[in-house]
Amino acid sequence: MLIDYEEFARRAAAIRARIAVACAAAGRVESDVELLAVTKTHPAAAADWAARYGLRAVGENRVQEGVEKRALTAPASAHLRWELIGHLQSNKARLAAQHFDRVQSVDSEKLLNHLDRAAGELGKKLPVLLQINAGQDPAKFGAETSDAARLLEVALAKPHLRVDGFMTIAPLGGTPAETAAHATRTFQALRQLRDDLAARFGVSLRELSMGMTGDLELAVAAGSTLVRVGTALYGAREAQP
Ligand SMILES: *Cc1c(COP(=O)(O)O)cnc(C)c1O
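All values reported here derive from a predicted model rather than from experimental measurement.

Examining the overall build of the chain
For the chain, the count of helices and strands is nine helices and eight strands. A compact globule built from 241 residues should have a C-alpha radius of gyration of about 18 Å, and the chain, at 17 Å, falls within 12% of that. Each of the three principal axes of the chain carries a C-alpha extent, and together these read 45 × 40 × 35 Å. Looking at the 241 residues of the chain, the share that counts as buried comes to 52%. Restricting the contact set of the chain to residue pairs at least 6 apart, pairs at least 24 apart contribute 63%. Within the structure as shown, the chain displays about 10,900 Å² of accessible surface, and the carbon and sulfur contribution to it stands at 54%. Side chains of the chain give 30 positive and 28 negative charges; the mean places of these two sets differ by 2 Å.

Here it is as structure tokens:
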């Protein structure tokens, strides 16, 4: 069951307020942090509400679900950017390149090859983020930090891809205090990696996609430019099959 639009608007305002407080504490400008509404498992109306509220982007973690949902959104939501935030298999790269405006979960050279070829065939330049397992979480996808420079070098050489920056997911587990400490280390590590690689390769790599419902303040403190929020906007998800 999806909440109604008024409830969505209240929750979105509460998240923007959390972002504003975190920005103020970090001496950052609020407009530098975008809110990405994570609509996975929710119906197309979830994306319509994000658009109606004025958000510019939604995130999905499965290609097929995102493609179908996007086709069901209202004409007034046409300006929304659709971003793939979940693991992508090479055999779905073409579909993803066709229907998503950015892929955040690029974590291998093989995937770069597939996405570049597909984008070329589609005659588009596809924006991507490189997903880095900056928290060294064995349960998470993402390239290892030690492979990031090589992966970036390959990505920057792709004619049909545009590398906007990096994405990471903080590891779960432990007490709340341990989880928070680990999240902060993860986010700071990705920020440092970005700063180092941007300097080394002479590129901007502006986007740092990090922070979710439970840890967005920690991510903003570490330099996040894009927080991906599902639960705090739409409520708890039912388990995905
Ligand atoms: C589901 C998901 C989110 C949203 O998480 P919440 O805790 O519901 O805010 C963010 N990022 C990724 C990669 C996800 O899969």
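Things to note about the packing of helix 6 (residues 148–156) against helix 7 (residues 176–201)
Two numbers describe how helix 6 lies on helix 7: the axes approach to 11 Å, and their chain directions differ by 50°. The orientation of helix 6 with respect to helix 7, classified from their angle, is oblique. As helix 6 packs across helix 7, the resulting crossing turns out to be right-handed. In this structure, helix 6 contributes Ala148, Ala149, Leu152, Glu153 and Leu156 to the contact, and helix 7 contributes Leu193, Leu197, Arg200 and Phe201.

What about helix 6?
For helix 6, every residue scored as buried is listed here: Ala148, Ala149, Leu151, Leu152, Val154 and Ala155. Elements that come into contact with the buried residues of helix 6 comprise strand 4 (102–106), helix 5 (109–122), strand 5 (126–131), strand 6 (161–167) and helix 7.

A closer look at the layout of surface pockets
Taken as a whole, the largest pocket encloses approximately 750 Å³ of empty space. Tallied by class, residues from the lining of the largest pocket come to 15 nonpolar, nine polar and five charged. Taken as a whole, the second largest pocket holds about 190 Å³ of empty space. Along the walls of the second largest pocket sit 12 residues, with Met1, Thr41, His42, Ala236 and Glu238 positioned nearest its centre. In terms of residue class, the lining of the second largest pocket is built from seven nonpolar, three polar and two charged.

Structural notes on the site of the ligand
Surveying the vicinity of the ligand reveals the residues Val38, Lys40, Ile85, Ile169, Met212, Thr213, Arg228, Val229, Gly230, Thr231 and Arg237. Within the contact set of the ligand, an oxygen atom lies 2.6 Å away from a side-chain nitrogen or oxygen of Lys40. At 2.9 Å, a backbone N or O of Gly230 approaches an oxygen atom of the ligand. In isolation the ligand has 390 Å² of accessible area, and contact with the protein removes 89% of it. Placement of the ligand is best described as lying within the largest pocket.

Some points on unusual backbone geometry
Of note, Thr41 is a non-glycine position whose phi angle comes to about 70°, a positive value. Looking at the element boundaries, Thr41 is found in the loop between strand 1 (34–38) and helix 2 (44–53). The exposure class of Thr41 is partly exposed, given its relative accessible area of 30%. Notably, Leu205 is not glycine yet its phi reads approximately 45°, a positive angle. Structurally, Leu205 is set in the loop between helix 7 and strand 7 (207–209).

Describing helix 3 (residues 63–72)
Restricting attention to buried positions, one finds in helix 3 the residues Val63, Glu65, Gly66, Val67 and Lys69. For helix 3, the elements touching its buried residues are helix 2, strand 2 (57–60), strand 3 (81–84) and helix 4 (93–99).

Here we look at the pattern of salt bridges
Throughout the structure, instances matching the rule amount to 19 salt bridges. The salt bridge partner of Asp195 is Arg191, with a shortest N-O separation of 3.1 Å. Of the two residues, Asp195 and Arg191 both sit in helix 7, four residues apart, roughly one turn of that helix. By relative accessible area, Asp195 is classed as partly exposed at 31%. Under the relative-accessibility criterion, Arg191 is labelled partly exposed at 32%.

Conventions used here
- Residues numbered from 1 in each chain as written.
- Predicted model: local features only at pLDDT ≥ 70, side-chain atom pairs only at ≥ 80, totals over all residues.
- Heavy atoms only, no water.
- Helix = DSSP H or I, 4+ residues; strand = E, 2+ residues; numbered from the N terminus.
- Rg over C-alpha atoms; globule rule 2.2 N^0.38 Å.
- Buried < 20%, exposed > 50% of the residue type's maximum accessible area, 1.4 Å probe, protein only.
- Contact = heavy atoms within 4.5 Å.
- Areas by Shrake-Rupley, 256 points an atom, 1.4 Å probe, with all protein chains shown as cover.
- Lys, Arg positive; Asp, Glu negative; His and termini not counted.
- Charge placed at Lys NZ, Arg CZ, Asp CG, Glu CD.
- Axes fitted to C-alpha atoms, helices over the stretch in contact; angles between N-to-C directions.
- Parallel < 35°, antiparallel > 145°, perpendicular 65-115°, else oblique.
- Left-handed = near helix turned anticlockwise from the far one by under 90°.
- 1 Å grid on protein atoms, 1.4 Å probe; cavity = no way out; pocket = protein on both sides within 12 Å on 5 of 7 lines; lining within 4 Å.
- Points joined across faces, edges and corners; volume = space filled by probe spheres on them.
- Nonpolar A, V, L, I, M, F, W, Y, C, P; charged D, E, K, R; others polar.
- Near = heavy atom within 4 Å.
- Polar contact = N/O pair within 3.5 Å; in protein donor to acceptor, adjacent residues only side chain to side chain.
- Sits in = over half its atoms within 2 Å of the grid points.
- Salt bridge = Lys/Arg side-chain N within 4 Å of Asp/Glu carboxyl O.

Geometric values such as these leave the question of function open.
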